[in-house]
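Residues per chain are reported as follows:
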Amino acid sequence: MVFDRRVTTVVIGGGHAGLAMSHCLTGRSIDHVVLERGEVANTWKTERWDSLRLLTPNWQSRLPGFGYDGDDPDGFRKMPETIDFICRYAEAISAPVETHTTVTSVRRTDAGYQVVTDQGDWHCRTMVLASGASNIANVPALAAAVPAHIAQVTPTEYRNPDQFADGGVMVVGAAATGAQLAQEIHRSGRPVTVSVGEHVRVPRNYRGRDIQWWMDRAGLMDERYDEIDDINRARRLPSLQLTGSDDRNALDLNSLTGIGIKLIGRIAGMNDSKAQFSGSLRNMCALADLKMGRLLDTIDEWASANDVDGEVEPAERFAPTEIADDPPLGLDLAGGEIKTILWATGFRPDYSWLDVPVFDRKGRVRHDGGIVGSPGMYLMGMQFLRRRKSSLIDGAGDDARDLSTHLAAHLDG
Ligand SMILES: Cc1cc2nc3c(=O)[nH]c(=O)nc-3n(C[C@H](O)[C@H](O)[C@H](O)COP(=O)(O)OP(=O)(O)OC[C@H]3O[C@@H](n4cnc5c(N)ncnc54)[C@H](O)[C@@H]3O)c2cc1C
């Protein structure tokens, strides 16, 4: 049976961001529905690899009206625990989620929006796009020129190293995903080479505390989008090179080369079967080391100014990234050394169903801190949407509070 229903607000996406918004709308008595194409926490259930653990400590998964209630606040959740946490949240807040409902089109109407789904249409005055920042794995155009005998895999398709043929693997990208998967694939016995572009190096532990503790306490995670000099660049930065593990070890490039992984520069071209790499590897690493040093300076200054020095270990600095002399600038992929390429080159959202003219030249939704340039339309869950923490579970609460306030004012007139 096909329905045609009315509601004040439609929220698209039953991940933590859509649920946090639902909680805030309920608090304001705004009737709404959350439309989810799969089940609650669908992304974590269907699009992540087996061994993934959150890189944010348990205490840092705070949602409005819900937090960590276990006995390991400094641990890192595995996927089943993450899914359970988000599903328990949906239940606790009695979120009005319509599961297995895929939005296929959103159009502007005189009164607001028409939301077309495979389960009938909805009409609403306001809507929230919380459909995720990572729906599609980015793959550069040059992937089309990779020889056919080499398997190409994205992190969304990757589950574990057993799905790869024996033999060498080139991981392209050295942000959290690339570095984590390079380590796991190497441990499976396959030789791994990582193609390294711009990356953000941070220690897991600093002065006896987790780096996320420092960034949270020093207010860095709360930095607002309108306080940042170049917000467009901040929104494009790769994720921090971090992993969540029981041993709490760092995941920097030195830790990768220390176990035998090779580093090469950013992949820059494909000519016949030859991959070409940028000569910028050393500079990229020096820049990442420099920026890590600046972050630690900021933390140390904050610790001194706020009398935290006495509670923590002394300041320390870390060894620079070591790069082999003359890393190769080319690799003949016909040579047989590489059997698989894993493109860990970032993710992007999918708005192929959004038929409202809100996009910039690059296909990104134009918005001002989540307020989209179409009346009554809001965005959640994007990198640095309103704050540095916006794309993290911990960031959804403050953003949902701010944006639901704006949405309520819009409804009032
Ligand atoms: C690999 C990876 C690791 C991460 N690790 C961490 C971490 O350690 N800590 C942390 O805090 N954050 C982490 N994040 C960031 C972030 O928490 C996740 O991306 C999170 O899933 C984003 O939540 P969300 O609710 O915005 O989007 P999602 O969880 O992606 O939810 C969006 C929902 O919308 C649904 N949807 C999409 N399109 C439609 C449609 N057309 N119709 C109906 N429903 C639709 C999807 O099925 C999905 O359930 C990680 C992200 C990635 C990619």
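Residues numbered from 1 in each chain as written. Predicted model: local features only at pLDDT ≥ 70, side-chain atom pairs only at ≥ 80, totals over all residues. Heavy atoms only, no water.

Trainee: Would you explain the overall build of the protein chain in this entry?
Mentor: Within the protein chain one finds 9 helices and 23 strands. Rg of the C-alpha trace for the protein chain: 22 Å, near the compact-globule value of 22 Å for 413 residues, within the 12% margin. A burial count over the protein chain gives 53% of its 413 residues as buried. The contacts in the protein chain between residues at least 6 apart in sequence include a share of 70% that link residues at least 24 apart. Accessible surface, the protein chain as shown: approximately 18500 Å² in total, 48% of it carbon and sulfur. Side chains of the protein chain carry 45 positive and 57 negative charges; the gap between the two charge centres is 4 Å. (Helix = DSSP H or I, 4+ residues; strand = E, 2+ residues; numbered from the N terminus. Rg over C-alpha atoms; globule rule 2.2 N^0.38 Å. Buried < 20%, exposed > 50% of the residue type's maximum accessible area, 1.4 Å probe, protein only. Contact = heavy atoms within 4.5 Å. Areas by Shrake-Rupley, 256 points an atom, 1.4 Å probe, with all protein chains shown as cover. Lys, Arg positive; Asp, Glu negative; His and termini not counted. Charge placed at Lys NZ, Arg CZ, Asp CG, Glu CD.)

Trainee: Where do I start with the sheet that holds strand β18 (residues 330–332) in this structure?
Mentor: Hydrogen bonds between backbone groups are what pair the strands of a sheet, and the pairing can be parallel or antiparallel. Here 3 strands make up an open sheet; going across it, the order is β16-β17-β18 and the pairing antiparallel. Here the strands that pair on one side only, and so sit at the sheet edges, are β16 (267–271) and β18. On average, adjacent strands in this sheet sit at an angle of 20° to one another, irrespective of strand direction. One ladder, built from 4 bridges, connects β16 with strand β17 (residues 274–277); its direction is antiparallel. The residue of β17 that forms the bridge with Met270 is Ala275. (Pairing = 2+ DSSP bridges. Axes fitted to C-alpha atoms, helices over the stretch in contact; angles between N-to-C directions.)

Trainee: What should I look at first to understand helix α3 (residues 79–92) in this one?
Mentor: At 3.6 residues per turn, the α-helix brings residues three or four places apart onto the same side. With 14 residues, α3 should cover 20 Å at 1.5 Å per step; its first-to-last C-alpha distance of 20 Å lies within 8% of that length. Residues of α3 that are buried: Met79, Thr82, Ile83, Phe85, Ile86, Tyr89 and Ala90. The buried residues of α3 occupy one face: seen down the axis, they fall within an arc of 160°. Opposite the buried face of α3, by more than 90 degrees, sit the exposed residues Pro80, Glu91 and Ala92. In the stretch just after α3, Ser94 is the one whose phi turns positive, near 50°. (Expected span 1.5 Å × (residues − 1). Arc of directions from axis to C-beta.)

Trainee: Help me understand the environment of Ala148 in this model?
Mentor: Positionally, Ala148 belongs in the loop between β9 (136–137) and β10 (151–153). Sequence separation between Ala148 and Ser273 is 125 residues, and the spatial gap between their C-alpha atoms is 9.8 Å.

Trainee: Explanation requested: the pairing of strand β6 (residues 113–117) in the structure shown.
Mentor: Counting buried residues along β6, 5 of its 5 residues qualify, which places the element largely inside the surrounding structure. Alternating positions in β6 separate into two faces, Tyr113, Val115 and Thr117 on one and Gln114 and Val116 on the other, with burial throughout. Between the end of strand β5 (residues 103–108) and the start of β6, which pair antiparallel, lie 4 residues, with Gly112 showing a positive phi angle near 155°. The sheet contact formed by β6 and strand β7 (residues 120–124) spans 5 bridges and is antiparallel. Of the residues in β7, the one forming a bridge with Gln114 is His123. Where β6 folds back on β7, the antiparallel hairpin that results is connected by 2 residues.

Trainee: Teacher, can you tell me more about the site of the ligand here?
Mentor: Around the ligand, the surrounding shell holds 29 residues, and the nearest of these are Glu36, Asn42, Thr43, Leu55 and Thr56. At a separation of 3.2 Å, an oxygen atom of the ligand approaches a polar backbone atom of His16. Between an oxygen atom of the ligand and a side-chain N or O atom of Thr43, the distance comes to 2.7 Å. When isolated, the ligand has an accessible area of 970 Å², and the protein chains bury 93% of it. Counting residues per element, the ones that place at least two in the shell around the ligand are α1 (16–27) and α2 (42–46). Here the residues of the shell around the ligand are counted per class, giving 12 nonpolar, 14 polar and 3 charged. (Near = heavy atom within 4 Å. Polar contact = N/O pair within 3.5 Å; in protein donor to acceptor, adjacent residues only side chain to side chain. Nonpolar A, V, L, I, M, F, W, Y, C, P; charged D, E, K, R; others polar.)

Trainee: Would you take a moment to explain the domain arrangement of the protein chain for this structure?
Mentor: If you check the domain split of the protein chain, you get domain 1 (4–135 + 349–412) and domain 2 (138–343). Distance between the C-alpha centres of domain 1 and domain 2: 28 Å. Taken over both partners, the interface formed by domain 1 and domain 2 buries close to 2700 Å², and the fraction arising from carbon and sulfur atoms is 47%. Where domain 1 meets domain 2, there are 4 salt bridges. Two residues, Asp222 and Lys389, come together in a salt bridge whose shortest N-O distance is 2.7 Å. Taken together, domain 1 and domain 2 are joined by 20 residue pairs in polar contact (both at pLDDT 80 or more). Only β21 (367–368) and α9 (396–412) provide two or more residues apiece to the side of domain 1 that touches domain 2. A per-class count over the side of domain 1 that touches domain 2 returns 10 nonpolar, 7 polar and 15 charged. (Domains from an automatic or database assignment. Buried area = accessible area lost by both parts, 1.4 Å probe. Salt bridge = Lys/Arg side-chain N within 4 Å of Asp/Glu carboxyl O.)

Trainee: What's the story with the pattern of salt bridges in this structure? I'm lost.
Mentor: When the charged atoms of two side chains with opposite charge come close together, those side chains can pair. Tallied over the entire structure, the rule returns 27 salt bridges. Note that Asp252 and Arg201 form a salt bridge whose closest N and O atoms lie 3.0 Å from each other. Of this pair, Asp252 sits in the loop between α6 (231–234) and α7 (253–258) while Arg201 sits in the loop between β12 (192–195) and β13 (205–206), and the two are 51 residues apart along the sequence. Classification of Arg201 as buried rests on a relative accessible area of 5%. Taking the shortest distance from any N to any O, the salt bridge between Arg224 and Asp226 comes out at 2.9 Å. Judged by its relative accessible area of 47%, Asp226 is partly exposed.

Trainee: Can you walk me through the packing of α1 against α9 in this structure?
Mentor: Between two packed helices, what matters for the description is the angle formed by their axes and the separation of those axes. Running from N to C, α1 and α9 point in directions that differ by 50°, and their axes come no closer than 9 Å. With respect to α9, the axis of α1 lies oblique. Both α1 and α9 take part in a crossing whose hand is right-handed. Contacts between α1 and α9 involve His16, Ala17, Ala20, Met21, Cys24 and Leu25 from the former and Ala396, Ala400, Arg401, Leu403, Ser404 and Leu407 from the latter. In terms of residue class, the contact of α1 with α9 is built from 9 nonpolar, 2 polar and 1 charged. (Parallel < 35°, antiparallel > 145°, perpendicular 65-115°, else oblique. Left-handed = near helix turned anticlockwise from the far one by under 90°.)

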